[in-house]
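Chain by chain, the residues run as shown.
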Amino acid sequence: MSVFYNISELSQVTNSIVTIGTFDGVHLGHQKIIKRLVELKQKQGGEIVLFTFDPHPRKILFPEQKDLKLITTTEEKCDILKQFGVDHVLVYPFTTEFSKMQAQDYISNIIVKGLKTKTLVIGYDHRFGSNREGSIDTLKQFAPIYHFDLEEIPAQEINQLNVSSTRIRKAIEDGDIQTANDFLGYTFFITGEVIKGKQLGRTIGYPTANIFIDNADKLIPKIGVYAVNVVLKGVTYKGMLNVGTNPTTDFDNKIKIEVNIFYFDADIYGETLKVEFVKWIRNEEKFANLDELKQALANDKIACTHAL
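Residues numbered from 1 in each chain as written. Predicted model: local features only at pLDDT ≥ 70, side-chain atom pairs only at ≥ 80, totals over all residues. Heavy atoms only, no water.

J.: Would you mind going over the sheet that holds strand β1 (residues 2-4) with me for this structure?
T.: Note on sheets: strands pair through backbone hydrogen bonds, and any given pair is parallel or antiparallel. Sheet architecture is open: six strands sit in the order β1-β4-β3-β2-β5-β6, paired in parallel fashion. Single-partner strands in this sheet number two, and they are β1 and β6 (149-153). Adjacent strand axes in the sheet meet at a mean angle of 20° when their direction is disregarded. Note: strand β3 (residues 47-54) against strand β4 (residues 88-93), six bridges, orientation parallel. Within the sheet, the bridge partner assigned to Phe-53 lies in β4 and is Tyr-92. Seen against the sheet, helix α5 (residues 103-114) touches β2 (16-20), β3, β4 and β5 (117-123) and runs at an angle of roughly 115° to β5. (Pairing = 2+ DSSP bridges. Helix = DSSP H or I, 4+ residues; strand = E, 2+ residues; numbered from the N terminus. Axes fitted to C-alpha atoms, helices over the stretch in contact; angles between N-to-C directions. Contact = heavy atoms within 4.5 Å.)

Printed below as a string of structure tokens:
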């Protein structure tokens, strides 16, 4: 799968089967649309192009809303899309100027000339252009003029899944990992670099890898302890992870992400970990002393082992 960041890079692509959207999380509803693209490719040939945006359009359209967090960063989204048969992903810069493009100009310059669209497949609620004036009706009007086929995924096909990025974000924020994973169709994950921490964990028998996420927009699950799978260089390990302030030992009130990888002892500073959240175990607690903390960690390990 190719990932492009400039629409001119698609100049060699022909007979494009295109879909457009933010695709945050690439959840089951998104996957249904992509599955249809694959079916069309098998039937008529061509190349699948997924047109998406960075930053998320809401960041530009509603700058006063500071609380939007992403289920997947752009890099994570592209990694997921590789699994579903997409040939090309175009990550387009969503700007104020772009948002003000007239609907017909958008169709002519982006959909037709830029994406080389032969067939366009969109969800039922797709809107585009200045003041979101463009809709499925606009596309139906111009499709014959610009000679591309148009297919809309009916509302009932998406609604029957009862899934949305908003619902998934809420589940993750609530620690309801099972619901989030059910809606996603895969295990919610974070990716980040291992950095040095206080190294206290190793002194009590539970060394942890401290994970730094460099994208401030990435959604972090509810504070607490989780059963997780940890992927390092293509190898998967089991582990337990804490999201929180470590109130027993730390006093800076900063949120940290630390994972204890079971039966693992290696220097991995600077490495990138992918951590998959399987189950929420408990709230973070403040213990009276390190002995109580060690006992809680022992219990957590047992619970996480069972969950995994």
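J.: What should I look at first to understand the nonpolar core in this one?
T.: Within soluble globular proteins, side chains that are nonpolar generally end up buried alongside one another. Counting residues in each nonpolar core, the largest one holds 48 residues, and the members touching the most others are Leu-241, Val-259, Leu-273 and Phe-277. Filtering out sequence-adjacent residues up to four positions away, Leu-241 remains in contact with Ile-211, Gly-224, Val-225, Tyr-226, Val-228, Ile-257, Glu-258, Val-259, Val-275 and Phe-277. (Core = buried A, V, L, I, M, F, W, Y, C linked by side-chain atoms within 4.5 Å. Buried < 20%, exposed > 50% of the residue type's maximum accessible area, 1.4 Å probe, protein only.)

J.: Sorry, what's going on with the packing of helix α8 (residues 165-173) against helix α9 (residues 177-184) here?
T.: The description of two helices packed together rests on the angle between their axes and the distance between the axes. At a closest axis distance of 7 Å, the pairing of α8 and α9 adopts a crossing angle of 155°. Between α8 and α9, the crossing angle belongs to the class labelled roughly antiparallel. For the pair α8 and α9, the crossing hand works out as left-handed. Residues Arg-167, Ile-168, Ala-171 and Ile-172 of α8 lie in contact with α9, whose contacting residues are Thr-179, Ala-180, Phe-183 and Leu-184. Of the residues that constitute the contact of α8 with α9, the class distribution is six nonpolar, one polar and one charged. (Parallel < 35°, antiparallel > 145°, perpendicular 65-115°, else oblique. Left-handed = near helix turned anticlockwise from the far one by under 90°. Nonpolar A, V, L, I, M, F, W, Y, C, P; charged D, E, K, R; others polar.)

J.: Please clarify how the packing of aromatic side chains should be interpreted in this entry.
T.: Aromatic ring pairs are defined here through the distance separating the ring centres and the angle between the ring planes. Scanning the entire structure with this criterion turns up 14 aromatic pairs. Relative to Phe-98, the ring of Phe-94 has its centre 5.4 Å away and its plane inclined at 80°; by these criteria the two rings are edge-to-face. Residue Phe-94 shares its accessibility class with Phe-98, and that shared class is buried. Ring centres 5.0 Å apart and planes at 25° place the aromatic pair Tyr-106 and Phe-128 in the stacked group. Remark: Phe-128 occurs in the loop between β5 and α6 (136-146) and Tyr-106 occurs in helix α5; sequence separation between them is 22 residues. We note that Tyr-106, like Phe-128, is buried. Taken together, the aromatic side chains of Phe-51, Phe-53, Tyr-92, Phe-94, Phe-98, Tyr-106 and Phe-128 make up a single cluster linked through ring pairs. Lying across the ring of Phe-189, Lys-218 places its NZ or CZ 5.6 Å from the centre. (Phe/Tyr/Trp six-rings, centres within 6.5 Å; stacked < 30°, edge-to-face > 60°. Lys NZ or Arg CZ within 6 Å of the ring centre and 35° of its normal.)

J.: I'm lost on the environment of Gly-45 in this one. Help?
T.: Relative to the helices and strands, Gly-45 is located in the loop between α1 (28-44) and β3. The contacts of Gly-45, once residues within four sequence positions are left out, are Asn-15, Ile-17 and Leu-40.

J.: Help me understand a nonpolar patch on the surface, please; the structure alone is not making it clear to me.
T.: Taken together, the side chains of Met-1, Val-3 and Tyr-5 make up a nonpolar region of the molecular surface, amounting to roughly 270 Å² of accessible area. Take Tyr-5: it is sitting in the loop between β1 and β2. (Patch = residues over 30% accessible without salt bridge, like charges linked within 9 Å, V, L, I, M, F, W, Y side chains within 5 Å. Areas by Shrake-Rupley, 256 points an atom, 1.4 Å probe, with all protein chains shown as cover. Salt bridge = Lys/Arg side-chain N within 4 Å of Asp/Glu carboxyl O.)

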